[in-house]
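Okay, here's what each chain looks like letter by letter:
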Amino acid sequence: QVQLVESGGGLVQPGGSLRLSCATSGFTFSTYFMSWYRQAPGKERELVAEITKTGGTNYADAVKGRFTISRDNAKKTVYLQMNSLKLEDTAKYYCNAGFTLWGQGILVTVSE
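Caption draft 1: Spotlight on the overall build of the protein. If you tally the helices and strands in the protein, you get zero helices and 11 strands. For the protein, whose C-alpha radius of gyration is 13 Å, the value lies close to the compact-globule estimate of 13 Å for 112 residues. When its C-alpha atoms are laid out on the principal axes, the protein stretches across 40 × 25 × 25 Å. Here the protein holds 112 residues, and 41% of them are scored as buried. Expressed as a percentage of contacts within the protein between residues at least 6 apart in sequence, the contacts between residues at least 24 apart total 53%. For the protein, the computed accessible surface area is about 5800 Å², with 49% contributed by carbon and sulfur atoms. With 12 positive and 9 negative side-chain charges, the protein shows a separation of 7 Å between the mean positions of the two kinds.

Caption draft 2: View of the sheet that holds strand S1 (residues 3-7). The four strands are arranged S1-S3-S8-S7 in an open sheet whose pairing can be described as antiparallel. Each edge of the open sheet is held by one strand with a lone partner, namely S1 and strand S7 (67-72). Averaged over all neighbouring strand pairs, the angle between strand axes comes to 15°, with direction disregarded. Taken together, the five bridges between S1 and strand S3 (residues 18-25) define a ladder with antiparallel strand orientation. Considered in S3, the bridge of Leu4 is made with Thr24.

Caption draft 3: Fine view of the side chain of Ser35. On the secondary structure map, Ser35 appears in strand S4 (residues 34-39). Among the residues examined, Ser35 registers a relative accessible area of 0% and is labelled buried. Discounting chain neighbours no more than four positions away, the residues touching Ser35 are Leu47, Ala49, Glu50, Ile69, Tyr94, Cys95 and Asn96.

Caption draft 4: Structural view of the environment of Gln81. With respect to the helices, strands and loops of the structure, Gln81 is situated in strand S8 (residues 77-82). You can call Gln81 partly exposed: its relative accessible area is 27%. Along the sequence, Gln81 and Thr109 sit 28 residues apart, while their C-alpha atoms lie 15 Å from each other. Not counting chain neighbours up to four residues away, the residues in contact with Gln81 comprise Ser17, Leu18, Arg19, Arg66, Phe67 and Thr68. Polar side-chain contacts of Gln81 include one of 2.9 Å to the side chain of Asn83.

Conventions used here
Residues numbered from 1 in each chain as written. Predicted model: local features only at pLDDT ≥ 70, side-chain atom pairs only at ≥ 80, totals over all residues. Heavy atoms only, no water. Helix = DSSP H or I, 4+ residues; strand = E, 2+ residues; numbered from the N terminus. Rg over C-alpha atoms; globule rule 2.2 N^0.38 Å. Buried < 20%, exposed > 50% of the residue type's maximum accessible area, 1.4 Å probe, protein only. Contact = heavy atoms within 4.5 Å. Areas by Shrake-Rupley, 256 points an atom, 1.4 Å probe, with all protein chains shown as cover. Lys, Arg positive; Asp, Glu negative; His and termini not counted. Charge placed at Lys NZ, Arg CZ, Asp CG, Glu CD. Pairing = 2+ DSSP bridges. Axes fitted to C-alpha atoms, helices over the stretch in contact; angles between N-to-C directions. Polar contact = N/O pair within 3.5 Å; in protein donor to acceptor, adjacent residues only side chain to side chain.

Laid out in structure tokens, this is it:
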């Protein structure tokens, strides 16, 4: 059974940091291209960051220099380190594997 389970979200003040994790099972993690997406209220889901099987990364312009995606193939987990968070980073964050498998999402709220 394929599972992608996000954790690490929550409420944080502007300028703060959070680290999201996505623990996976049920597929060969090391062979999958992994991504983080987000969807803010009233907006479409958008790509945040992606990482190839070999560790190459790509980021949305809005998060470049603040967010870092990484993966641990031994733990079958992908991470998103989010620093210098802004109000506009508030969204539900989703883990994605191979453009087809999705987690249930986790809420990140940046607020005073």
